[in-house]
Amino acid sequence: TALLARASAGQGQIVTITGDAGIGKSRLAAEVVRLAQRRNSIAYGGTGQSTGQHTPYLAWRPIFQAMLSVNPDLPLRRQIRWLEGELEERAPLRVDVLPLLGPLLDLPLPENASSVTLDAKARKGALEALLVELIESAAHDVQAEDGVLVLLLEDLHWLDPLAADLLIMIARAALRLPMLLVLTTRSSEGAAWATALTDLPYAMTFHLEALDEHAL
């Protein structure tokens, strides 16, 4: 409740839940999300995959597909028009880098005159800046309805490097947003994203352990 109150006030909160497989991380995270949803919040979720550690931003794919209301059944031309409208509303200064969303959304978006000139480093920077701006827009939209934006990312021990970089950027932006970021992982030891989060005063970690049978 206190976490949601602070998030509602525009002070984003980050909760990391760690523990062995099967210990109950997902159940606890789901309960946090349900509690937030009872208070007019909107939640999006993604999961790291053991087979997807070489697929850029894979854990974020379902989050942005849902946030942008991507409909894979529509013809590509209609999807492009839809996405252009979404960006014009949410990130009007970044419409020219729309093609960079292609791999993330799993859509064959054609390059344009702006995106084709960008090298790999510039493409990464432009894409991540766009994604953070989309998160900011979504958070403020939810705040207008007296709720918070909840992002649930699970199984971060299988997070690909680019997804981890984006997590760090969004976590840093969360300080000024009505947002709750809920993370689950078996272990965060040595992970770059976990090291970055330890420096954030609005981030906390809960470690779940199995009950000692001798204590029962």
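Scope of this entry: the structure provided in the associated data block. All figures in this text were calculated on a predicted structure; none of them were measured in a lab.

### Some words on the layout of surface pockets
(1) Moving on: A volume near 220 Å³ is recorded for the largest pocket.
(2) Moving on: Contributions of two or more residues to the lining of the largest pocket are made by helix H5 (102-105) and helix H6 (120-143).
(3) Moving on: Ranked by the residues each element gives to the lining of the largest pocket, the list is headed by H6, at four residues.
(4) Moving on: Per-class residue counts for the lining of the largest pocket are 10 nonpolar, no polar and three charged.

### Let's talk about unusual backbone geometry
(1) Moving on: Positive phi values are uncommon outside glycine, yet Asn-40 reaches one of about 70°.
(2) Moving on: In this structure, Asn-40 sits in the loop between helix H2 (25-37) and strand S2 (42-47).
(3) Moving on: Here the phi dihedral of Asp-146 falls at roughly 65°; this positive angle occurs in a residue that is not glycine.
(4) Moving on: According to the relative accessible area criterion, Asp-146 is exposed, its value standing at 62%.

### Focus: a negative patch on the surface
(1) Moving on: Taken together, the side chains of Glu-89, Asp-141, Glu-145 and Asp-146 make up a negatively charged region of the molecular surface.
(2) Moving on: The topology assignment puts Asp-146 in the loop between H6 and strand S3 (149-154).

### Digging into the sheet that holds S2
(1) Moving on: Overall, parallel pairing links the five strands, which are arranged S2-S3-S4-S1-S5 in an open sheet. Unpaired on one side and paired on the other, S2 and strand S5 (203-207) mark the two borders of the sheet. Averaged over all adjacent pairs, the angle separating strand axes in this sheet is 15°, with direction ignored.
(2) Moving on: The sheet strands contacting H6 are S2, S3 and strand S4 (179-185), and the helix crosses S3 at an angle near 130°.
(3) Moving on: In the packing of helix H7 (residues 161-173) onto the sheet, contacts are made with strand S1 (13-18), S3 and S4, and the angle to S4 comes to roughly 145°.

### Here's the deal with the packing of H6 against H7
(1) Moving on: Taken N-terminus to C-terminus, the directions of H6 and H7 make an angle of 45°; their axes are 10 Å apart at the nearest point. One finds that H6 runs oblique with respect to H7. Classified by chirality, the crossing of H7 by H6 is right-handed. Contacts between H6 and H7 involve Lys-124, Glu-128, Leu-131, Val-132, Ile-135 and Glu-136 on the former and, on the latter, Leu-162, Asp-165, Leu-166, Met-169, Ile-170 and Ala-173.
(2) Moving on: Tallied by class, the residues present in the contact of H6 with H7 amount to eight nonpolar, no polar and four charged.

### Focus: the environment of Thr-55
(1) Moving on: In this fold, Thr-55 is placed in the loop between S2 and helix H3 (61-67).
(2) Moving on: When the C-alpha positions of Thr-55 and Leu-4 are compared, they lie 33 Å apart, and in sequence the two are 51 residues distant.
(3) Moving on: Residues contacting Thr-55, with those up to four places away along its chain left out, are Arg-61 and Asp-160.

### Some remarks on helix H4 (residues 76-90)
(1) Moving on: Between its first and last C-alpha atoms H4 spans 21 Å; for 15 residues at 1.5 Å apiece the expected length is 21 Å, and the two agree.
(2) Moving on: Residues Gln-79, Ile-80, Leu-83, Glu-86, Leu-87 and Arg-90 constitute the buried set of H4. All buried residues of H4 fall inside an arc of 125° around its axis, so they share one side. Seen from the open side of H4, the exposed residues pointing more than 90 degrees away from its buried face are Arg-77, Glu-88 and Glu-89.
(3) Moving on: Here the buried face of H4 lies against H3, H5 and H6.

Reading the values: rules and limits
- Residues numbered from 1 in each chain as written.
- Predicted model: local features only at pLDDT ≥ 70, side-chain atom pairs only at ≥ 80, totals over all residues.
- Heavy atoms only, no water.
- 1 Å grid on protein atoms, 1.4 Å probe; cavity = no way out; pocket = protein on both sides within 12 Å on 5 of 7 lines; lining within 4 Å.
- Points joined across faces, edges and corners; volume = space filled by probe spheres on them.
- Helix = DSSP H or I, 4+ residues; strand = E, 2+ residues; numbered from the N terminus.
- Nonpolar A, V, L, I, M, F, W, Y, C, P; charged D, E, K, R; others polar.
- Buried < 20%, exposed > 50% of the residue type's maximum accessible area, 1.4 Å probe, protein only.
- Patch = residues over 30% accessible without salt bridge, like charges linked within 9 Å, V, L, I, M, F, W, Y side chains within 5 Å.
- Areas by Shrake-Rupley, 256 points an atom, 1.4 Å probe, with all protein chains shown as cover.
- Salt bridge = Lys/Arg side-chain N within 4 Å of Asp/Glu carboxyl O.
- Lys, Arg positive; Asp, Glu negative; His and termini not counted.
- Charge placed at Lys NZ, Arg CZ, Asp CG, Glu CD.
- Pairing = 2+ DSSP bridges.
- Axes fitted to C-alpha atoms, helices over the stretch in contact; angles between N-to-C directions.
- Contact = heavy atoms within 4.5 Å.
- Parallel < 35°, antiparallel > 145°, perpendicular 65-115°, else oblique.
- Left-handed = near helix turned anticlockwise from the far one by under 90°.
- Expected span 1.5 Å × (residues − 1).
- Arc of directions from axis to C-beta.

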